Amino acid sequence: MKVTIVYDNCPARPGLKTGWGFSCLIEVKGEAPLLFDTGADGATLLHNMARLHIDPQGIGIIVLSHAHGDHTGGLTGILEKNGHAEIYVPASVMARLPGRRVTALGKPAPIMKDVFSTGELRGGEQSLVVRTDRGVLVITGCSHPGVGTILEVASGYGELYGIIGGLHGFSDFERLRCLSLICPCHCTQYKSRLSELFPEQYLACGAGLELEL
Ligand SMILES: [Zn+2]
Ligand SMILES: [Zn+2]
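Examining the coordination of the zinc ion (ligand 2)
His-66 (NE2), His-68 (ND1), Cys-142 (SG) and His-144 (NE2) make up the full set of protein donors to the zinc ion (ligand 2), lying at 2.2 to 2.6 Å. Each of the 4 donor atoms bound to the zinc ion (ligand 2) contributes to angles spanning 90 to 169°, and the resulting shape is irregular. Distance-wise, the zinc ion (ligand 1) is placed 3.5 Å from the zinc ion (ligand 2), both being coordinated by Cys-142. Note that His-66 is positioned in the loop between strand 4 (61-63) and helix 2 (69-72) and His-144 in the loop between strand 10 (135-140) and helix 4 (147-154), a separation of 78 residues in sequence. Judged by its relative accessible area of 24%, His-144 is partly exposed.

Shown next, in the form of structure tokens:
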């Protein structure tokens, strides 16, 4: 499977726009790509997709982690280009999108082959759990429910391999020692501390980062 960071505050390659927010594309063999969050702004999202050779019409599923604008602001932009994608939102988010199949998730649920949602956790946010050959990869929006809580739910799907996404103010650093990959994005406050503590596992996040697992 492959994860591509489409939208982030930081750049990982030239030619991409940056902005406060988060979005990534998840590709699993044999499935249409899944877009997790949409960043703050549709124009930036679509610009970066074009640069990364991602066809907006090819996306089969859009998952929104939570209702904050830096994760949902690009939704209108992508929906203008894609008329068919199914949409998954946390249970407390009321999303009325005429003509669209919208599923509100309160409990953990499968979304596609090897990809699961934690369901809405405290703080109104869901994260993704992806089964890879190396173990379970956790993908978060902002981690408002708390990284520990998210990892606990994810560990029910197998041995944890890594985490990618916004970790917000998370500071219980030892909780990450069991992971082989730590890729803090977007709103993570303690990026430099994490890179010092876990130099082997740390991977710098940024728009355009591609990761194959
Ligand atoms: Zn955010
Ligand atoms: Zn947020």
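Some remarks on the pattern of salt bridges
For the structure shown, the criterion picks out 5 salt bridges. Between Glu-210 and Arg-13 there is a salt bridge, with the nearest N and O atoms lying 2.9 Å from each other. Of the two residues, Glu-210 sits in strand 13 (residues 210-212) while Arg-13 sits in the loop between strand 1 (2-7) and strand 2 (23-27), which places them 197 residues apart along the sequence. The partner of Glu-196 in a salt bridge is Arg-193, with the nearest N and O atoms 3.6 Å apart. Placement of both Glu-196 and Arg-193 in helix 5 (residues 191-197) is noted, with a separation of 3 residues, approximately one turn of the helix. A relative accessible area of 39% means that Arg-193 is categorised as partly exposed. Taken together, the salt bridges that share partners define one network made up of Lys-2, Arg-13 and Glu-210.

Some remarks on the pairing of strand 10
Counting buried residues in strand 10 gives 6 out of 6 residues, a clear majority hidden from the surface. Of the strand pairs in this sheet, strand 9 (residues 128-132) and strand 10 are connected by 5 bridges, and their pairing is antiparallel. For Leu-128, the partnering residue across the bridge sits in strand 10 and is Ile-139. Between the end of strand 9 and the start of strand 10, which pair antiparallel, lie 2 residues.

Some remarks on the sheet that holds strand 3 (residues 34-36)
One open sheet holds the 7 strands; their spatial order is 6-5-4-3-2-1-13, and the pairing between them is mixed. Looking at which strands have only one partner, the edges of the open sheet turn out to be strand 6 (102-105) and strand 13. Across the sheet, the axes of successive neighbouring strands diverge by a mean angle of 20°, strand direction being ignored. Inspection of the sheet shows strand 1 paired to strand 2 by 5 bridges, in the antiparallel sense. Across the sheet, the residue bridging to Thr-4 is Leu-25, located in strand 2. Against the sheet, helix 1 (residues 42-51) touches strand 1, strand 2 and strand 3, its axis set at about 135° to strand 1.

Cut-offs used in this document
Residues numbered from 1 in each chain as written. Chains lettered and ligands numbered in written order. Predicted model: local features only at pLDDT ≥ 70, side-chain atom pairs only at ≥ 80, totals over all residues. Heavy atoms only, no water. Donors = N, O, S within 2.8 Å, 3.2 Å for Na, K, Ca; no water. Tetrahedral: all angles 85-135°; square planar, octahedral: opposite > 155°, others 65-115°. Helix = DSSP H or I, 4+ residues; strand = E, 2+ residues; numbered from the N terminus. Buried < 20%, exposed > 50% of the residue type's maximum accessible area, 1.4 Å probe, protein only. Salt bridge = Lys/Arg side-chain N within 4 Å of Asp/Glu carboxyl O. Pairing = 2+ DSSP bridges. Axes fitted to C-alpha atoms, helices over the stretch in contact; angles between N-to-C directions. Contact = heavy atoms within 4.5 Å.

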